[in-house]
Amino acid sequence: MTGLFDSFQRQINYLRISVTDRCNLCCIYCSVGSVSLLPRSEVLSYEEIQHIVQAAASMGISKVRLTGGEPLLRPNVSRLVRMLSQIEDIDDISLTSNGTLLSKYAVELKEAGLKRVNVSLDTLKKDRFKRITGRDKLGEVLSGIEAAHEAGLQPVKINMVVLRGMNDDEVVDFAGMSTSQGWHVRFIEFMPFGTPQVEALGTVSAQEIQERIQSLGKLEPYTGKTGNGPAKYYRLPGARGTIGFITPVTEHFCHSCNRLRLTSDGQLRPCLLDDDEVNLKEPLRNGASVDEIKQLIQKAVAIKRERHQLTGGLAPGIVRRPMCQIGG
Ligand code: SAM
């Protein structure tokens, strides 16, 4: 077998990279507001990220996603995209963004080699957007989505975290956008990540969301090209766009997990929901060779656990690091 395989015979070909822990929104369900920011010197430089991706690509990583924090806050992210797109064996570079800065950067990102983008958007209502994110930027996000389409970043996927009592009454509106606007909408189950006031409300399950959406018509399973992730896709009758469900809480998808995560401060993490990490930054800064970095990547793959414990009844707040450093 060629490529990178973990102890459970899963092929690992996907690396998510948090390029910054900083964000220009302060979502009530994301822990970013409650943590102190990393000193800039602790954050990996673009050259360090490139070095790690080069080593990882030679082992079997072929897909990279940039995330954060808000990745577009980091100056000149297009430069990083260009650097990564020049690495042989990397065939897919994507971005997860809150969309507020996409109008400004979509074209240059596309020119640098970015293929596609996921935009996080939890409400279509202006006041509510401000309540959930702490900022009055819904207009910027909607323009950003338009700009991404126009720049040819395809597909643009819209990620909505469904929050009980806060935006769950909008799931039908979002699903309807797959018909009226051709949006690819993905509903994400809220995960307990250290925000007790939201955790107290409980997770809205994908099943519950699906039941509500049935009022728009029967959801047909969609088997066309989708992505590298765990979403299950459907389509409403006549819709151009798709509807996906991501179920980290009610139905874990660890058996098909293909990913590693690089934190903004250079720790390689086999799982979002497990605090095991392998330090790449320190060896890198001490002059480690490519082979040494490859050994550390192999080590992270070897300690990747069979599954996370979120559905196993563990208490909320099981993860030590905030989402923004790990890269959601
Ligand atoms: N700033 C970028 C953005 O907004 O997409 C990237 C970072 S953000 C942490 C990545 C994704 O994680 C977003 O879609 C966000 O909604 C999601 N997220 C954050 N906290 C979450 C939680 N507790 N449960 C589920 N998804 C969460």
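Our subject in this report is the structure included herewith. (Residues numbered from 1 in each chain as written. Predicted model: local features only at pLDDT ≥ 70, side-chain atom pairs only at ≥ 80, totals over all residues. Heavy atoms only, no water.)

**Some words on the overall build of the chain**
Applied cut-off: To qualify as a helix, a DSSP run of H or I must reach at least 4 residues; to qualify as a strand, a run of E must reach at least 2; elements of each kind are numbered from the N terminus. Throughout, radius of gyration means the C-alpha value; the globule benchmark is 2.2 Å times the number of residues raised to the power 0.38. Note on exposure labels: buried denotes an accessible area under 20% of the residue type's maximum, exposed denotes more than 50%, and partly exposed covers the range between, all computed with a 1.4 Å probe on protein chains only. In what follows, residue pairs with any heavy atoms lying within 4.5 Å of each other are defined as contacts. Just so you know, the count uses Lys and Arg for positive and Asp and Glu for negative, and it drops His and the chain ends. By convention, the charge on Lys lies at NZ, on Arg at CZ, on Asp at CG and on Glu at CD.
Scanning the chain for helices and strands turns up eleven helices and twelve strands. In terms of overall dimensions, the chain is globule-like: its C-alpha atoms have a radius of gyration of 19 Å, near the 20 Å expected for 328 residues. Every one of the 328 residues in the chain was classed for burial, and the buried ones make up 55%. Long-range pairs, those at least 24 residues apart, make up 74% of the contacts in the chain between residues at least 6 apart in sequence. Here the chain contributes 41 positive and 37 negative side-chain charges, whose respective centroids are spaced 1 Å apart.

**Structural notes on the pairing of strand E2 (residues 63-67)**
Definition in use: Here the rule is simple: two strands pair whenever DSSP picks up at least two bridges between them. Handedness is read with the strands pointing away from the viewer; a crossover is right-handed when the path from the first strand over the helix to the second is clockwise.
By the criterion of burial, E2 is predominantly enclosed, with five of the five residues buried. With burial as the criterion, each face of E2 is covered, one bearing Lys-63, Arg-65 and Thr-67 and the other bearing Val-64 and Leu-66. The sheet contact formed by strand E1 (residues 14-18) and E2 spans five bridges and is parallel. If you follow Tyr-14 over to E2, its bridge partner there is Lys-63. Across four bridges, E2 lies against strand E3 (residues 92-97) in parallel orientation. Opposite Arg-65, over in E3, you have Ser-94 as the bridge partner. Chirality of the crossover, the property in question, places the unit of E2, helix H2 (residues 77-85) and E3 among those that are right-handed.

**Topic: the sheet that holds strand E12 (residues 278-279)**
To keep it simple, the criterion reads: Only the contacting stretch of a helix is used when fitting its axis, a line to C-alpha atoms as for every element, and angles between N-to-C directions run 0 to 180 degrees.
In space, the twelve strands of this open sheet follow the order E7-E8-E9-E6-E5-E4-E3-E2-E1-E10-E11-E12, with mixed pairing throughout. Edge strands, defined here as strands with exactly one partner in the open sheet, are strand E7 (220-221) and E12. In terms of strand pairing, strand E4 (residues 116-120) meets strand E5 (residues 156-162) through four bridges, oriented parallel. Bridging from a neighbouring strand, Ser-120 pairs with Asn-159 of E5. Across the sheet, H2 is in contact with E2 and E3; its angle to E2 comes to roughly 170°.

**With respect to the side chain of Thr-133**
Along the chain, Thr-133 turns up in helix H4 (residues 126-133). Beyond its immediate stretch of four places on either side in the chain, Thr-133 contacts Leu-25, Cys-26 and Cys-27.

**A closer look at the site of the ligand**
Put simply, the test is: For this purpose, a residue is taken to be near a molecule or strand whenever a single non-hydrogen atom of the residue falls within 4 Å of it. In protein, a polar contact means a hydrogen-donor-capable atom and an acceptor-capable atom, both N or O and within 3.5 Å, with residues adjacent in sequence counting only if both atoms are side-chain atoms; elsewhere, any N or O pair within 3.5 Å suffices. Here the accessible surface of atoms and residues is derived via Shrake-Rupley with a 1.4 Å probe, and residues count as covered only by protein chains that are part of the display. In this classification, Asp, Glu, Lys and Arg are treated as charged, Ala, Val, Leu, Ile, Met, Phe, Trp, Tyr, Cys and Pro as nonpolar, and every other residue, Gly included, as polar.
Inspection of the region around the ligand gives 17 residues, with Tyr-29, Gly-69, Glu-70, Ser-120 and Met-191 positioned closest. The separation between an oxygen atom of the ligand and a polar side-chain atom of Tyr-29 is 2.8 Å. Residue Gly-69 places a main-chain N or O atom 2.8 Å away from a nitrogen atom belonging to the ligand. Alone, the ligand offers 540 Å² of accessible surface; in the complex the protein occludes 93% of this. Counted by class, the shell around the ligand contains seven nonpolar, eight polar and two charged residues.

**Points about the pattern of salt bridges**
Applicable threshold: Any Lys or Arg side-chain nitrogen found within 4 Å of a carboxyl oxygen on Asp or Glu counts as a salt bridge.
Considering all chains together, one arrives at 19 salt bridges under this definition. A salt bridge links Asp-21 to Arg-22; the shortest N-O distance between them is 3.3 Å. For the pair Asp-21 and Arg-22, one class covers both residues: buried. Of the charged contacts, one joins Asp-275 and Arg-269 as a salt bridge, the two residues approaching to 2.9 Å between their closest N and O atoms. Owing to a relative accessible area of 25%, Asp-275 belongs among the partly exposed residues under this scheme. In this structure, a network of salt bridges that share partners links the residues Arg-164, Asp-168, Glu-208 and Arg-212.

**What about helix H5 (residues 138-151)?**
Since one α-helical turn is 3.6 residues long, residues separated by three or four positions face the same way. Basically, it comes down to this: By this rule the span expected of a helix is its residue count minus one, scaled by 1.5 Å.
With 14 residues, H5 ought to run about 20 Å at 1.5 Å a step, and its terminal C-alpha atoms sit 20 Å apart, in line with that. Residues of H5 that are buried include every one of Leu-138, Val-141, Gly-144, Ile-145, Ala-147, Ala-148 and Ala-151, and no others. Where the residues of H5 are buried, they touch helix H3 (102-112), E4, H4 and E5. Gly-152 occupies a position one or two residues after H5 and carries a positive phi of about 85°.

**Quick word on the environment of Ile-297**
Looking at where Ile-297 falls in the secondary structure, it is placed in helix H10 (residues 290-302). If near-sequence neighbours (up to four positions away) are discounted, Ile-297 is found in contact with Leu-4, Ile-52, Ala-55, Ala-56, Met-59, Leu-260 and Leu-268.

**Regarding the environment of Ile-145**
Checked against the element boundaries, Ile-145 lands in helix H5. Between the C-alpha atom of Ile-145 and that of Thr-203, which follows or precedes it by 58 residues, the distance is 27 Å. Residues in contact with Ile-145, not counting those within four places in the same chain, are Val-119, Leu-121, Val-156, Ile-158 and Trp-183.

**Points about the nonpolar core**
Note the threshold: Nonpolar cores are built from buried Ala, Val, Leu, Ile, Met, Phe, Trp, Tyr and Cys residues. Side-chain atoms within 4.5 Å join them into one set.
Counting 90 residues, the largest nonpolar core has Leu-66 and Phe-187 as the members making the most contacts within it. Broken down by element, the residue count for this core peaks at eight residues, all from helix H1 (residues 46-59). Beyond its immediate stretch of four places on either side in the chain, Phe-187 contacts Met-160, Val-162, Val-171, Phe-174, Ala-175, Ile-209, Ile-213, Ile-243, Gly-244, Phe-245 and Ile-246. Core analysis: the second largest hydrophobic core is formed by eight residues, Met-191, Val-249, Leu-310 and Ile-326 among them.

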